[in-house]
Amino acid sequence: MSAANTAESADFRGPLDITRAATVVLDAESTVIGWSPAAAELLGYGPADALGRPLTAFLSVRPAGGTLPAEASGAAVPGPGPPSLVGNEVHVARTRDGRELLVATATCPLPGAAGASGPGTPDRILVAAEVEALLHWESRIALLQGLATQSPVGLAIYDTDLRLSWSNTAYEREMGQPLAAFRGKRAEELYGAGSFVTPGYPHTLAGVMRQVLDTGEPVLDLHFRGQPPSDPGRDHLWSCAYYRLEDAHGHALGVCEDAFDITDRYRVQERLALLVEAGRRIGTVLDVATTAEEIAEVAVPDFAATVRVDVTRAAVTGETAAVGSPADMSLLRVAERSAPGSGTPDPGLPANGPTGSGPTRSGPTANGPTGSSPMATAPGLAAPGGPSSPSSPGDPRQPYPPVVYPPGSPQNRSLSSGGLVLDEGTLVVPLRTGGGILGLVTFDRGEGSDASGRTLAPDRATTFDNGEVALADELAARAAVCIDNARRYTRERTASLALQRQLLPHHLPPRSAVETAYRYLPADDVTGVGGDWFDVIPLSGTRVGLVVGDVVGHGLQAAATMGRLRTSVRAFAQLDMAPDELLTRLDDLVGQPAEDRPDAYGGAVETYDVTTGATCLYAVYDPVSRRCVMARAGHLPPAIVGPGGEVSFPDLPAGPPLGLGGLPFESLEFDLPVGSLLALFTDGLIEARDRDVGRGLDTLGRVLGDRSASLEELCDRAVSELVPGGTSADDTALLLVRTRALDTDRVADWELTAEPVSVGRARELATGQLEAWGLEELAFATQLVVSELVTNAVRYAGGPLGLRLIRDRTLVCEVADTGHTSPHLRHSAADDEGGRGLFIVAQLVQRWGTRYTPTGKTIWTEQALPPAGAG
């Protein structure tokens, strides 16, 4: 804008003002007797040309070519016309150069002119201005009038002492009183508790206005938070602008303030920001407690002073959401958070009284991937995550107290109706999903402070408006979806872990043959189950079977496959099969084609068989002979640490993985000195993306070479060294076995001939040994067992015969012969002369069986020791 335009815009004199309008002095006969410079400038006639001429020489009622324009004609006749021209006459003026101008005129009679009306005597004054200029000036006047009386923006003028000198109607409405009541007051007297929240500027009104006065630089869109006198106790937010006012000579007159209340818009933005924050922070993990805590953290203190989240017991344990009578649901207090300094009564926990200020009170994360597995609480099992079952409030494993709301409370009404309930400053929103209710969220606005430390406004602290009710409903809906997902995850995880616990050994009982320790880490940290497996199987003759295997894949399907293989191995092992024969039978079982399973519509369902390609290592250790025999099907060989600490990996013949067939399995038998360490493991322990198998085996050998450490310590060290993060790309299983030997005084064996006289001899030998061991109580039963087994060997097999007694946790009696036919139990008919002996033996012992050897077979029995002879 040019300087001339600026000066023109700042000149508020009207176009018909006598100091700037074209002014003509007329006598009673309308003869021009006075002519101003402005008139000369407007029409182009000088005073010498105009004086003494009639007014009609310059102004005419009608233009030369026709009628007046519509806007002029409407103003020249009585009646309504353009508002800015009402009261003025419109004429057509002819300039000296022949142009026609549309001008508005006004006439003012001179005082005393009525008594002297002769020619040349001043009678009246006429002022004229272009209609266009008058219209422009009237628009500016209307603008100023609108700002003063109709504008929703508050306008105020402060003088150089920062005292209020003028304000418009909108400002008066904010103050709640007329201008006269507060004119002359300073800004801090009007808004003493308010402050600017826009960074980079002074916080006080006086500071900002003084800066504008001193610098002359206007400021725009400063956010000011305060409480207007017309609405005490409630914070408002204004967008303010300030600029300096100057006179025509550039001297500062004061500061003008433009303020627009943006409280509603700001609260809408706050709600939108809260929803965005809720979407970012709620549901980060599949855990009910964590999700409940997250909604409390999001809502406090910006939305409510206290938030309580109560979840049904079924949702915490992963059961189906309650869909029956809401009044019968059992609620648990899962999360609670209060703003500092707030205190509101809790009707659900009357014994606790009002909740105090402080941090969140909620249970620890127990259900999600970040929790601890119940399987990990058992020695040797390490698996990430796992649910915890709710229990009594005093149980440290489940700190969620039950809540019971009295009838008539907002929470009870919400449960009964299934909808949200607003009761003064308490808003209760149900967590609904799938037609059921998962719990309640209680938003409470108690007396306290907000995030910035200021006391909350009374209405903000005790009420929720419609927008806030809708926001609370949206927050609860999002939380309900996340809690329902966590509930479903908990249910699936609980089922998976239950399956895993059933498929893997619950614990390894102590054995006379070996000392054991183990670790199991599934790669699937979501379900906590995998396909690797291990087992320690008690066999006849105090021997023990050791097995470790690896199924292709992870997760529930791999775990189910692992369970089938483990069950098959246990069944084959109870038949006292040699390791190579056991793997052959297992390979045949896996290699059988799976039958197509019909679906619900009778069609075949194709499923991927993860059994094929599984690997297995099976070993049998005999503490009497100190011999170990093992075979493997595509599995890694074990690590053996001798009593002196030397580590070796036996060159065990490698058979193909299970189900592939093509090559036979071979066994390897060797001596294991007492105190040797046998490590069976899966490839997940030694293989990694940044480490090959060789390095993994070297690290494992170095860890196991420490003879001073216990087996549990060695397990922990091996896992920490080889799986430092607790999880790997593959499932991990580690079984450590330290060998033992039975003392010679606990084993007695004799060789007998295959003659009838050997039956009596066997009874005498067994009775004498039992007396030496102090087991006279077992003498009668043992004589019958020995007599029957030796008699059968003499009658149906060949010699030489072997008789062995082993005093371990049970009394083991074994009779060996060269025959290959196994006796079978049968029910004898009433007229049969024999066939009852083995039936009697089976009733006298705990268990019995047949074990085949390269030279024949061994029939064995086990009897429970009397309490005095146990151990």
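As the structure is a computational prediction, the values presented were derived from the model and not from experiment.

Description of the packing of aromatic side chains
Part 1 of the argument: A complete count under the given rule lists 11 aromatic pairs for this structure.
Part 2 of the argument: Residues Tyr171 and Phe182 carry aromatic rings whose centres are separated by 6.1 Å and whose planes lie at 45° to one another, so their mutual orientation is tilted. Of the two residues, Tyr171 sits in helix α6 (residues 169-175) while Phe182 sits in helix α7 (residues 179-182), which places them 11 residues apart along the sequence. With respect to class, Tyr171 is no different from Phe182; both count as buried.
Part 3 of the argument: In this arrangement the basic side chain of Arg53 is found over the ring face of Tyr45, its NZ or CZ atom lying 5.9 Å from the centre.

Brief notes about the confidence of the model for the chain
Part 1 of the argument: Here the chain averages 79 in pLDDT, and 80% of its residues register 70 or above.
Part 2 of the argument: The low-confidence segment residues 1-7, where pLDDT is below 50, has 2 contacts with residues more than four positions distant or belonging to other chains.
Part 3 of the argument: Across residues 324-328 the pLDDT falls below 50, and counting only partners more than four positions away or on other chains, this stretch makes 2 contacts in the model.

What about the pairing of strand β14 (residues 331-338)?
Part 1 of the argument: The element β14 is largely enclosed, with a buried count of 7 among its 8 residues.
Part 2 of the argument: As defined by bridge partners, strand β13 (residues 306-312) adjoins β14 across 7 bridges and the pair is classed as antiparallel. By the bridge assignment for β14, Val307 is matched with Arg337.
Part 3 of the argument: When β14 meets strand β15 (residues 402-403), the two strands line up antiparallel, connected through 2 bridges. Counted as the bridge partner of Leu331 is Val403 from β15.

Some remarks on the sheet that holds strand β7 (residues 154-159)
Part 1 of the argument: Strand order in the open sheet formed by 6 strands is β8-β7-β12-β11-β10-β9, with antiparallel pairing between adjacent strands. Each end of this open sheet is capped by a strand with a single partner; those strands are β8 (164-167) and β9 (195-196).
Part 2 of the argument: Of the strand pairs in this sheet, β9 and strand β10 (residues 219-226) are connected by 2 bridges, and their pairing is antiparallel. Within the sheet, the bridge partner assigned to Ser195 lies in β10 and is Arg225.

Quick notes on the pairing of strand β31 (residues 732-739)
Part 1 of the argument: Counting buried positions over the 8 residues of β31 gives 8, a clear majority of the element.
Part 2 of the argument: Burial along β31 is two-sided: Thr732, Leu734, Leu736 and Arg738 facing one way and Ala733, Leu735, Val737 and Thr739 facing the other are all buried.
Part 3 of the argument: Bridge count for strand β19 (residues 514-521) against β31 is 8 bridges, and the pairing is antiparallel. Along β31, the bridge assignment pairs Leu521 with Thr732.
Part 4 of the argument: Note: strand β30 (residues 677-681) against β31, 5 bridges, orientation antiparallel. Bridging across to β31, Leu678 finds its partner in Val737.

Points about the packing of helix α10 (residues 263-281) against helix α11 (residues 288-299)
Part 1 of the argument: Where α10 meets α11, the closest approach of the two axes is 10 Å, and the angle between their N-to-C directions is 155°. Relative to α11, the element α10 is oriented roughly antiparallel. Crossing handedness for the pair α10 and α11: right-handed. Two secondary-structure elements touch here, α10 through Leu274, Glu277, Ala278 and Arg281 and α11 through Glu294, Glu297 and Val298.

Overview of the pattern of salt bridges
Part 1 of the argument: For the coordinates displayed, the defined rule picks out 33 salt bridges.
Part 2 of the argument: Arg308 is the salt-bridge partner of Glu336, the closest N and O atoms lying 3.5 Å from each other. Here Arg308 lies in strand β13 and Glu336 lies in strand β14, a separation of 28 residues in the sequence. The pair formed by Glu336 and Arg308 is uniform in burial state, with each residue classed as buried.
Part 3 of the argument: Between Asp535 and Arg570 there is a salt bridge, and its shortest N-O distance comes to 2.7 Å. Linking Asp535 in strand β20 (residues 533-538) with Arg570 in helix α17 (residues 555-574), this pair joins segments that are 35 residues apart in sequence.
Part 4 of the argument: Taking relative accessible area as the criterion, Asp535 reaches 1% and is therefore assigned buried.
Part 5 of the argument: You can call Arg570 partly exposed: its relative accessible area is 29%.
Part 6 of the argument: Through salt bridges that share partners, Glu277, Arg280, Arg281, Glu297 and Arg337 make up one connected network.

Quick notes on α11
For an α-helix, the turn length of 3.6 residues means that residues three or four places apart are oriented alike.
Part 1 of the argument: Taking 1.5 Å per residue as the helical rise, α11 with its 12 residues ought to reach 16 Å, and the 17 Å between its terminal C-alpha atoms agrees with that figure.
Part 2 of the argument: Most of α11 sits out of view: 10 of its 12 residues are buried.
Part 3 of the argument: Among the residues of α11, those classed as buried are Val288, Ala289, Thr290, Thr291, Ala292, Glu294, Ile295, Ala296, Val298 and Ala299.

Observations regarding a nonpolar patch on the surface
Part 1 of the argument: Together, Phe780, Leu784, Phe839, Ile840 and Leu844 make up an exposed nonpolar region whose accessible area comes to about 450 Å².
Part 2 of the argument: Residue assignment for the nonpolar patch shows that the elements contributing at least two residues are α23 (779-796) and α24 (837-844).
Part 3 of the argument: Tallying contributions element by element places α24 first for the nonpolar patch, with 3 residues.
Part 4 of the argument: Summarising the element assignment, Ile840 is placed in helix α24.
Part 5 of the argument: The partly exposed category is assigned to Ile840, whose relative accessible area is 45%.

So, helix α20 (residues 693-704)
Part 1 of the argument: Look at α20: 16 Å from first C-alpha to last across 12 residues, which is about the 16 Å you get at 1.5 Å a residue.
Part 2 of the argument: In this fold, the buried residues of α20 make contact with β26 (639-641), β27 (647-648), β30, α19 (683-686), α21 (711-722) and β31.

Overview of the sheet that holds β15
Part 1 of the argument: Taken together, 6 strands build an open sheet; the order of strands is β15-β14-β13-β18-β17-β16 and the sheet is antiparallel. Strands at the two margins of the open sheet, each flanked by one partner only, are β15 and β16 (421-423).
Part 2 of the argument: In the packing of α11 onto the sheet, contacts are made with β13, β14 and β18 (436-444), and the angle to β14 comes to roughly 35°.
Part 3 of the argument: Across the sheet, helix α14 (residues 410-417) touches β14, β16, β17 (426-433) and β18, and the angle it forms with β17 is around 30°.

What to know about unusual backbone geometry
Part 1 of the argument: The residue after Val300, namely Pro301, is reached through a cis peptide bond having omega 5°.
Part 2 of the argument: Considering the arrangement of structural elements, one finds Pro301 in the loop between α11 and β13.
Part 3 of the argument: Positioned with a positive phi, Thr542 is a non-glycine residue whose angle comes to about 65°.
Part 4 of the argument: The residue Thr542 is located in the loop between β20 and β21 (544-550) in this model.

Parameters at a glance
- Residues numbered from 1 in each chain as written.
- Predicted model: local features only at pLDDT ≥ 70, side-chain atom pairs only at ≥ 80, totals over all residues.
- Heavy atoms only, no water.
- Phe/Tyr/Trp six-rings, centres within 6.5 Å; stacked < 30°, edge-to-face > 60°.
- Helix = DSSP H or I, 4+ residues; strand = E, 2+ residues; numbered from the N terminus.
- Buried < 20%, exposed > 50% of the residue type's maximum accessible area, 1.4 Å probe, protein only.
- Lys NZ or Arg CZ within 6 Å of the ring centre and 35° of its normal.
- pLDDT = per-residue confidence, 0-100.
- Contact = heavy atoms within 4.5 Å.
- Pairing = 2+ DSSP bridges.
- Axes fitted to C-alpha atoms, helices over the stretch in contact; angles between N-to-C directions.
- Parallel < 35°, antiparallel > 145°, perpendicular 65-115°, else oblique.
- Left-handed = near helix turned anticlockwise from the far one by under 90°.
- Salt bridge = Lys/Arg side-chain N within 4 Å of Asp/Glu carboxyl O.
- Expected span 1.5 Å × (residues − 1).
- Patch = residues over 30% accessible without salt bridge, like charges linked within 9 Å, V, L, I, M, F, W, Y side chains within 5 Å.
- Areas by Shrake-Rupley, 256 points an atom, 1.4 Å probe, with all protein chains shown as cover.

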